[in-house]
Amino acid sequence: MEDRDRDSGSASSTSTRGLRLELRSLLLVYAALTVLPLLTGFACQG
Amino acid sequence: MKLRRRQTRALLEAWLIQALFGKSRRAGQSGSGSLTPAVFTQGFVSWVFAALAFEGSSPRPFMAGTLAFVVLLATGALIGELDDDRERPADRDFVGATPTLRRTVLVARWLRQGIVSLLFAGGIAIAPAILSGFKTQNLVVPPLFVLATCVLSTGATILFASATRLVAALLGGDRATSFSTVVRALLLGGGFVAMLLGLRAMLGGSEVFPGGRSLLEALPTTWFADAIRTADLTALLLVVAFCGATLLLGLVTAQLPERSRSSAKTSMGGLTPAAIRTLVKDPQRRGLAAFTLDMLVRERSFRLRALPLLGLPAAAALLALRSDVEASRLPTMLALVHQLPAAYLPFLLLFVPYAENARASWLVALRLEDPERAYRRSFEVALGLLILPVQALLLVVDASLLSFEAALGTTLGAVGIAWASMSVIASTVRGLAFSIDPDELEVPSDFSAPIGFALAMTVLSFALAALQRSAGLMGGLALFVAGGALWAARARST
């Protein structure tokens, strides 16, 4: 019973860690998507 | 209160993991999410679109156009990939069986929708939002643009879900699935045309768009863009009314029960079964032909892949028709449009091995006759029948531009050519049809046969146009009879 609890607990924390990692990589993508239009805007409007 | 918060958190976590990792985990990969690459590619596409329209458009069309484009992209993804039908039975069994309050589930579901929408729609709206800020010289515009994209795409998703639920309540779950697939395909095909026409309208003025200024001003995306840009009172009222009406509709339709109906068909009436009975004599082959036709029409994964492929050439043809083609070149152009469905069939047949109920394929695989060959024969019959409604639709388009006699001649000729080449088309079916899970899709690498066939059909379309010019309706009729005789003879042969 304890083993099962431990297993489900570790599976849950692995998933949560995966979720955090995914959100972190999303932030990087957002940063990249922010730089592109900033460059375009400054280039076009001087 | 604490328990309810813990339950909401647990549900949210499970649903977010499903939304972010579900697709890759079903494909057997661990650790890689599907949201990040989707946000990056679609965000990049929205930046390209906004950058193309940035120079040479004034602020109002720029903001309304880019907002409509991003909302279309986000809605297409939110109702397609991210909200997977296969997760619903899991929700029903796991969430329905736990002592969770209905309200907690509802709150968690709305929160999940909001978070996924913010992560995805908000992400792909970043680039046009910043460029809108440059355009209007206003720092408040970018965050409001991102918020508007989230609200609009969530609203559109709610409207879509409400309409699907309404169809399910009135006509049953299977009809609702068909309805949602057709709407998705229309969204993709229509979105492609709207994108090209919209870009032209953003640069050249709203009168270039079909429906003109009045249609564009009736779009909710234009109300949101006006409300952000000028805080115009009418636009603000329209925005509030849109949000209120969508929420109300979502709440009302959420309570609707699905109409239960037996999936077993009680009768084999109708035109199509009669045609199959007349064409195919052998009972086994007749059964397989009817099954193939049913699967082509009903198999969700095939329709999801096939309809956009069929929609894109149609959209390209319609676009070409809208531009000013000389009257003398119109018959040749329309003959080409009539050949497109048959020319594209080999490309569609590349997706035929995939089916969501692939495990049932042993039913056919255990036949005594070579199952692959049997399938090819049944595809000849099924595709020959499927091409008829498509050509009838093209006849309507054709007759609106040419005389009815000329349109009928071209249509009959195109049907005849398609029937005559059906054995070549069906020979491109590789492997056992409907036998592989769609998640195991392997992108085909060899396109030489479909491309060669499409080129041959293009050449034949010029021949068809020439025949139409010299022999008129009789030429088309002759092709129709000859092609039909060839097709029927092959269907009857053992």
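A quick note: this is a predicted structure, and the numbers were derived from the prediction, not measured.

Okay, the overall build of chain B next. A count of helices and strands for chain B gives 19 helices and zero strands. Within chain B, buried positions represent 45% of all 494 residues. By sequence separation, contacts in chain B at least 24 residues apart represent 82% of the contacts at least 6 residues apart. If you sum the accessible surface of chain B, you get close to 24,700 Å²; carbon and sulfur atoms cover 67% of it.

Along the backbone of chain A there are one helix and zero strands. Accessible area of chain A: about 3,300 Å², with a carbon and sulfur share of 63%.

All names here are of chain B. Structurally, the position occupied by T292 is in helix α12 (residues 283–298). Take T292: its relative accessible area is 0%, and that puts it in the buried class. Ignoring any residue separated from it by four or fewer positions in sequence, one finds T292 in contact with Y375, S378, F379, A382 and F434.

For soluble globular proteins, the rule of thumb is that nonpolar side chains tend to be buried together. All names here are of chain B. In this structure, L35, V39, F62, L67, F120, L131 and F224 are the most contacted members of the largest nonpolar core, which totals 54 residues. Per-element accounting of this core gives the leading share, 12 residues, to helix α5 (residues 102–136). Ranked by size, the runner-up nonpolar core spans 48 residues in total, among them M295, L383, L385 and A433.

A separate point is the packing of helix α14 (residues 330–349) of chain B against helix α16 (residues 371–401) of chain B. Two quantities define a packed helix pair, namely the angle between the helix axes and the distance between the axes. Residue and element names in this part refer to chain B. At a closest axis distance of 11 Å, the pairing of α14 and α16 adopts a crossing angle of 155 degrees. The orientation of α14 with respect to α16, classified from their angle, is roughly antiparallel. Regarding α14 and α16, the two cross each other, and that crossing is right-handed. Across from L330, L334, V337, H338, P341, A342, L345 and L349 in α14, the residues of α16 making contact are F379, L383, I387, V390, Q391, L394, L395, D398 and L401. Classifying every residue of the contact of α14 with α16 by side-chain character gives 14 nonpolar, two polar and one charged.

Taken together, the 22 residues of chain A in the interface contact 29 residues of chain B. Of the roughly 2,100 Å² buried between chain A and chain B, counting both surfaces, carbon and sulfur atoms make up 75%. The interface formed by chain A and chain B holds zero salt bridges in total. The tally of links from chain A across to chain B stands at four residue pairs in polar contact (both at pLDDT 80 or more). Classifying every residue of the side of chain A that touches chain B gives 12 nonpolar, nine polar and one charged.

This part takes up the environment of L394(B). Residues and elements named next belong to chain B. By secondary structure assignment, the location of L394 is in helix α16. By relative accessible area, which is 17% here, L394 ends up buried. Between the C-alpha atom of L394 and that of T410, which follows or precedes it by 16 residues, the distance is 10.0 Å. Sequence-distant contacts of L394, defined by excluding residues within four places in its chain, comprise V337, H338 and P341.

On to unusual backbone geometry, then. Trans is the common state for peptide bonds, and a negative phi is the common state for residues other than glycine. All names here are of chain B. Positive phi values are uncommon outside glycine, yet A231 reaches one of about 50 degrees. Following the sequence through the fold, A231 ends up in the loop between α9 (220–230) and α10 (233–254). Despite not being glycine, F434 shows a phi value in the positive range, around 50 degrees. Mapped onto the elements of the fold, F434 is located in the loop between α18 (422–426) and α19 (448–492).

Attention now moves to the environment of T41(B). All names here are of chain B. Summarising the element assignment, T41 is placed in helix α2 (residues 35–54). Residues T41 and I124, spaced 83 residues apart in sequence, show a C-alpha to C-alpha distance of 8.6 Å. A polar contact of 2.9 Å, which involves the side chain of T41, links it to the backbone oxygen of P37.

Right, let's talk about the packing of helix α17 (residues 404–420) of chain B against α19(B) for a bit. Residue and element names in this part refer to chain B. For the pair α17 and α19, interaxial distance at closest approach is 6 Å and the crossing angle is 60 degrees. Viewed along their axes, α17 and α19 adopt a mutual orientation that is oblique. Where α17 crosses over α19, the handedness of that crossing is left-handed. Residues belonging to the contact of α17 with α19 are distributed by class as follows: 17 nonpolar, eight polar and one charged.

Here we come to a nonpolar patch on the surface. Residues F40(B), F44(B), V48(B) and L52(B) make up a contiguous nonpolar surface patch of roughly 340 Å² in combined accessible area. Mapping F44(B) onto the fold places it in helix α2.

A few words on the pattern of salt bridges. All names here are of chain B. The tally for this structure, following the rule as stated, stands at seven salt bridges over all chains. For E13, the salt bridge identified is with R9, shortest N-O distance 3.8 Å. In this pair, E13 and R9 both sit in helix α1 (residues 2–26), four residues apart, roughly one turn of the helix. Close ionic contact of R376 with E372 constitutes a salt bridge, the shortest N to O distance being 3.4 Å. With R376 and E372 both in helix α16 and four residues apart, this pair spans about one turn of that helix. The class of E372 is partly exposed, set by a relative accessible area of 31%. In the salt-bridge network here, residues are joined through shared partners; they are R60, R213, E217, D226 and R229.

If you trace the backbone, K135(B) turns up in helix α5. No salt bridge is formed by the buried K135(B), whose closest oppositely charged neighbour, E55(B), lies at an N-O distance of 6.3 Å. Polar contacts involving the side chain of K135(B) include one to the main-chain carbonyl oxygen of F54(B), which spans 2.5 Å. For K135(B), the residues in contact, after removing those within four places along its chain, are Q45(A), F54(B), S57(B), S58(B), P59(B) and F62(B).

Another point: the confidence of the model for chain B. The predicted model of chain B has a mean per-residue pLDDT of 81, with 86% of residues at 70 or higher. Within chain B, α17(B) carries the highest mean pLDDT (91), whereas helix α13 (residues 300–322) of chain B carries the lowest (65).

Parameters and conventions
- Residues numbered from 1 in each chain as written.
- Chains lettered and ligands numbered in written order.
- Predicted model: local features only at pLDDT ≥ 70, side-chain atom pairs only at ≥ 80, totals over all residues.
- Heavy atoms only, no water.
- Helix = DSSP H or I, 4+ residues; strand = E, 2+ residues; numbered from the N terminus.
- Buried < 20%, exposed > 50% of the residue type's maximum accessible area, 1.4 Å probe, protein only.
- Contact = heavy atoms within 4.5 Å.
- Areas by Shrake-Rupley, 256 points an atom, 1.4 Å probe, with all protein chains shown as cover.
- Core = buried A, V, L, I, M, F, W, Y, C linked by side-chain atoms within 4.5 Å.
- Axes fitted to C-alpha atoms, helices over the stretch in contact; angles between N-to-C directions.
- Parallel < 35°, antiparallel > 145°, perpendicular 65-115°, else oblique.
- Left-handed = near helix turned anticlockwise from the far one by under 90°.
- Nonpolar A, V, L, I, M, F, W, Y, C, P; charged D, E, K, R; others polar.
- Buried area = accessible area lost by both parts, 1.4 Å probe.
- Salt bridge = Lys/Arg side-chain N within 4 Å of Asp/Glu carboxyl O.
- Polar contact = N/O pair within 3.5 Å; in protein donor to acceptor, adjacent residues only side chain to side chain.
- Patch = residues over 30% accessible without salt bridge, like charges linked within 9 Å, V, L, I, M, F, W, Y side chains within 5 Å.
- Lys, Arg positive; Asp, Glu negative; His and termini not counted.
- pLDDT = per-residue confidence, 0-100.

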